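# Report on the structure
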Amino acid sequence: MRHATAAAIVVFMCATAASKAPAGKQADAPLPAGNPSAGAEIVTDKGQCLSCHPVRDAGSRLGPDLTDVGTSRRPDQLHASLVDPDAEILPENRRYRVVTRDGMTITGRILNHDTFQVLMMDAKEQLRSFSKTDLREHGFVKGSGMPSYREKLRPQELADVVAYLMTLKGVAPQ
Ligand code: HEC
């Protein structure tokens, strides 16, 4: 059963990756077929993805939760997130930076803000709240905060990671 699902995902992946090559632009070579269990290993070990991302009960909360990323993303989008993280960032995943009046800079995820206050999570996963009148600067930062894996992982490893991410469809057992 597990195997059948994985195979279906891989077939779907290849089809999508091939059909999404932008016309007229030098496209990345189509992804090789990925192996989800090899991908799971890369996510925990070589890729160190859990140092920034939650997946189910594991991982840090600095980056977006990947627990159900397979329900809302296509393989080509996930691949792009890995090799070119700066290219497209969901509004809720943009990084926010504040500089306090005494010159301290804190960068992190913004959780909430209104006219008076900013609530964010800093790089140590601590909740920080600031009154805007105490801030010298505040605003979104360009760029992702996620390193590109284009050079860090081989194309086969990237495909494995994408295949694994596509199996992440929530907290229910797969
Ligand atoms: C240093 C921290 C860090 C590491 C390490 C990291 N990421 Fe990320 N990742 C982020 C941040 C921050 C974002 C949100 C900004 C963005 O979309 O680029 C993100 C975004 C993503 C997204 C897009 C999420 C979405 O919903 O659009 C995916 C997919 C992803 N990461 C997967 C991974 C995988 C897989 C690895 C390991 C191979 C990894 N990340 C390693 C910090 C990290």
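Cut-offs used in this document
Residue numbers restart at each chain and count upward from 1, following the sequence in its written direction. Local features in this predicted model are restricted to residues of pLDDT 70 or higher, and side-chain atom pairs are both shown and tallied only at a pLDDT of 80 or more, whereas totals for entire chains, interfaces and linings draw on every residue. The way it works is that DSSP assigns letters per residue, a run of H or I at least four long becomes a helix, a run of E at least two long becomes a strand, and they are numbered from the N terminus. This entry defines residue contacts through backbone-placed C-beta atoms, with two residues in contact when those atoms are within 7 Å. Structural elements are reduced to axes, namely lines fitted to C-alpha atoms, with helices fitted over the stretch in contact, and the angle between N-to-C directions of any two is expressed from 0 to 180 degrees. For classification, angles of less than 35 degrees are called roughly parallel, those exceeding 145 degrees roughly antiparallel, those between 65 and 115 degrees roughly perpendicular, and all remaining angles oblique. Two helices that cross are described as forming a left-handed crossing if the nearer one is turned anticlockwise from the farther one by less than a right angle, and a right-handed crossing if clockwise. Classes in brief: Ala, Val, Leu, Ile, Met, Phe, Trp, Tyr, Cys and Pro nonpolar; Asp, Glu, Lys and Arg charged; the others, Gly included, polar. Each nonpolar core reported here comprises buried Ala, Val, Leu, Ile, Met, Phe, Trp, Tyr and Cys residues connected via C-beta atoms within 7 Å. Partly exposed residues are those whose C-beta has more than 12 but fewer than 20 other C-beta atoms within 10 Å; with 20 or more the residue is buried, with 12 or fewer it is exposed, and the C-beta atoms are placed from the backbone.

## Looking at the environment of Leu-82
On the secondary structure map, Leu-82 appears in helix α4 (residues 75–83). Separated by 64 residues in the primary sequence, Leu-82 and Met-146 place their C-alpha atoms 8.5 Å from one another. If near-sequence neighbours (up to four positions away) are discounted, Leu-82 is found in contact with Tyr-149, Leu-158 and Val-161.

## Remarks on the packing of α4 against helix α5 (residues 155–166)
For any two helices packed against each other, the geometry comes down to the angle between their axes and how far apart the axes lie. Where α4 contacts α5, the two axes come as close as 9 Å, and the packing angle between them is 125°. Taken as axis vectors, α4 and α5 run oblique relative to one another. Of the two elements, α4 crosses α5, and the hand of that crossing is right-handed. On α5, the residues touching Pro-75, Leu-78, His-79, Leu-82 and Val-83 of α4 are Leu-158, Val-161, Val-162, Leu-165 and Met-166. Grouping the constituent residues of the contact of α4 with α5 by class yields nine nonpolar, one polar and no charged.

## Describing the nonpolar core
Core analysis: the largest hydrophobic core is formed by 18 residues, its most contacted members being Leu-158, Val-161, Val-162 and Leu-165. The set of elements that each furnish at least two residues to this core consists of α2 (36–44), α4 and α5. The dominant element in this core, judged by the number of residues it contributes, is α5, at eight residues. In contact with Leu-158, other than residues within four places in its own chain, are His-79, Leu-82, Val-83, Tyr-149 and Leu-153.

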